[in-house]
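Structural description and commentary
Here is how the chains run, residue by residue.
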Amino acid sequence: MIPVVLLSVSLVSCQDDAFLEEQPKTIYTTTTAFEKSSQVESQLVTAYRRIFSMHGYAMESLASTPALLGGVGSDVFDIFHSLVGEGASGWSNYATWTANDGKFSTLWDDLYKLVSYGNLALQGSEKVEWTDQEDKIYGEAQAHFFRGYAYLRLAECFGGVPIVDTFTETLRLDYERASREDTYKFAIEDLKIAAENLPDYPKMDGKVAKGAAYHFLAEAYLGLGVETGNQSGDCYKNAAAAASKTIALHPLMTSRFGSRANPNSTSVNNGVPAYKPEGNVFYDLFQIDNYAYSSGNTESVWIIDIPKYESMQNASLSEGAYSGYMNSGSIYYLTMVTGPIFRDMRWKSEYREAGANDCPFMGDIDLVKYPGGNLCAYLGGFSVGRVAESHYLANKVWNGDYADDMRNDPINICREFICLDRAHSRYGTVVKAEELNDPHGMYPLRAKMAMQDDWGWHSSAMDQHTAQYGRDWYVVRSAETYLLLAEAYLRDGNAAEAAKALNAVRSRAQASKMFTASDVTVYTILDERARELAFEERRWPTLLRMGSSQNGGSNEVMVNQLKNNAMYLADFSYYTGSIDWTLFPIPTKYIQMNTDVEMAQNKGW
């Protein structure tokens, strides 16, 4: 039988050589993965999911990319001191930073995954038949946007990196670092293509449009200008031009609007009227149903779109399943990881009273007035208080003439809280930080993070106030674009126009102090970014792009900001070492894996 079988196989082989060719049906390659345009669109959905998780909610060590991009360990935030042994493991204890640190490799991985999704979508787009050429243009524009955004962040954070513009299926150990200049330039070309081909406004809430592309194009030109000393002479002019295009598409909101601004509204949720008479336009920017451009918010450039509770239930998505999609831990995770932990606060001994709780925010609480008790909306709900504001963000930027500003109003930044324990003689009066054992624990609660009345919470969350279903988040508001515009004008030698751009943001906030040309420095702009964009800005990329890697590398602006304001340098003097680096380190494992070409490490690591 064996000879017959072999003969049969031989005859078939002669007749059809394709018989022995492998044609696996379940192994996807760039050749087999794309057969229809919807598969390209699926790659773009994956890219959106990646960038949303990078921009969003888990601003603490369990999700290092949003924490690192968002500024934990910089001049604005850190892990609260009582959780880290008074600073030993705080992120701004830079003595603990190494090139082996997982937060750097995770950021690197996330950004290169975004690159790979963009590359795959672009390659797939050329392999499939598109019924509508406009859909092809739109899909490719989004792919260019994601890849350009990723390389912008890579250039800002790591400097020059390997530029990979095609998806590869074979193992490579020979990647070479491009210069930081060329990395910025690559990002610029991608973002230019995106800006030219994306629609003026998002086709759907959460999708990118021209405004987002021009915004990041402006940022990339600023980075290139600083890196090269603006040798071409046009980087800052190009940055200003790009920023101006975003602003033209997305003017600032200057009057009250949306879900809580109508005095004639009869809408009520959890017994709380929607209308908030003490609100203002800055407060309105952060209310449910007000984030998207489609809702009438012209300032909204790009958002993370979060469905409401009912939408999730209709889609049979549990909170846990949905939160896993966002890498968040809850629908609006910042509620949990930021804000004071009121239940952990204790009176100093001289303020304690027999029969009363040692904590002014526990004990005999009126649960009708404060549903949830010590986890009520008034106290910001359930928080583990993991991420705390630095003194710089909470107080220094508001000192003196800067205090008079709607962004600093108690409706937006609450610094005073009354004793809720009815058994204490101080019930109903303001608890002062200096009356507590740990006064540093009484840092502000921002309306951006947690609404202090029950209107914005779903009834299912009233016992702990952990989830603000349907509350979106900004990736870009044009207020930030104005601050990029101010920086572009300043760096181009036009301080008067820089002051005008800053004052546009301050005028909307009804600030009493306006800037003149002589007031404006890079530090002025950084302070204004802190006032306007707390928890929104990607603070580390901002600081890291303030220096050049050329001629040995230097970043005086970043070093000054960290030395003067970082939590474990300025607020709690724990770290005393020098800051000898100007960029994040290239993760050690990638240097070691790249055996065929030496990949140089950044200065100071």
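Remember, predicted model here, so these are calculated numbers, not experimental data. (Residues numbered from 1 in each chain as written. Predicted model: local features only at pLDDT ≥ 70, side-chain atom pairs only at ≥ 80, totals over all residues. Heavy atoms only, no water.)

Quick notes on helix H2 (residues 37-55)
For H2, spanning 19 residues, the distance from its first C-alpha to its last is 27 Å, which sits close to the expected 27 Å at 1.5 Å a residue. Every buried residue of H2 is accounted for by Gln 39, Val 40, Gln 43, Leu 44, Ala 47, Tyr 48, Arg 50, Ile 51, Phe 52, Ser 53, Met 54 and His 55. (Helix = DSSP H or I, 4+ residues; strand = E, 2+ residues; numbered from the N terminus. Expected span 1.5 Å × (residues − 1). Buried < 20%, exposed > 50% of the residue type's maximum accessible area, 1.4 Å probe, protein only.)

Digging into the environment of Val 161
In this fold, Val 161 is placed in the loop between helix H5 (133-158) and helix H6 (180-197). With a relative accessible area of 0%, Val 161 lands in the buried category. Filtering out sequence-adjacent residues up to four positions away, Val 161 remains in contact with Trp 108, Tyr 112, Tyr 151, Leu 154, Glu 176, Arg 177, Ala 178 and Thr 183. (Contact = heavy atoms within 4.5 Å.)

Some points on the pairing of strand S10 (residues 473-477)
Among the five residues of S10, five are classified as buried, and the element is accordingly described as predominantly covered. Relative to S10, strand S4 (residues 300-304) runs antiparallel, the two sharing four bridges. The residue of S10 that forms the bridge with Ile 304 is Trp 473. (Pairing = 2+ DSSP bridges.)

With respect to the pattern of salt bridges
Pairs can form between side chains of opposite charge once their charged atoms are near each other. As enumerated under the stated definition, the model contains 39 salt bridges in all. Residue Arg 446 pairs with Glu 389 through a salt bridge whose shortest N-O separation is 2.7 Å. Of this pair, Arg 446 sits in strand S9 (residues 445-446) while Glu 389 sits in strand S5 (residues 387-389); the two residues are 57 residues apart in sequence, bridging distant segments of the chain. The exposure class of Arg 446 is buried, given its relative accessible area of 5%. Residue classification places Glu 389 among the buried residues on the basis of a relative accessible area of 7%. Bridged by salt links that share partners, the residues Glu 299, Asp 405, Arg 407, Lys 448, Arg 477, Arg 506, Arg 508, Glu 528, Arg 531, Glu 532 and Glu 536 form one connected network. (Salt bridge = Lys/Arg side-chain N within 4 Å of Asp/Glu carboxyl O.)

Considerations on unusual backbone geometry
The phi angle of most residues is negative, glycine excepted, and most peptide bonds adopt the trans form. Of note in this structure, Asn 230 is not a glycine but carries a positive phi near 55°. Residue position: Asn 230 is located in the loop between helix H7 (210-228) and helix H8 (235-249). With a phi close to 55°, Gln 510 is a non-glycine residue in the positive phi region. Take Gln 510: it is sitting in the loop between helix H15 (495-508) and helix H16 (522-533). Among the residues examined, Gln 510 registers a relative accessible area of 57% and is labelled exposed.

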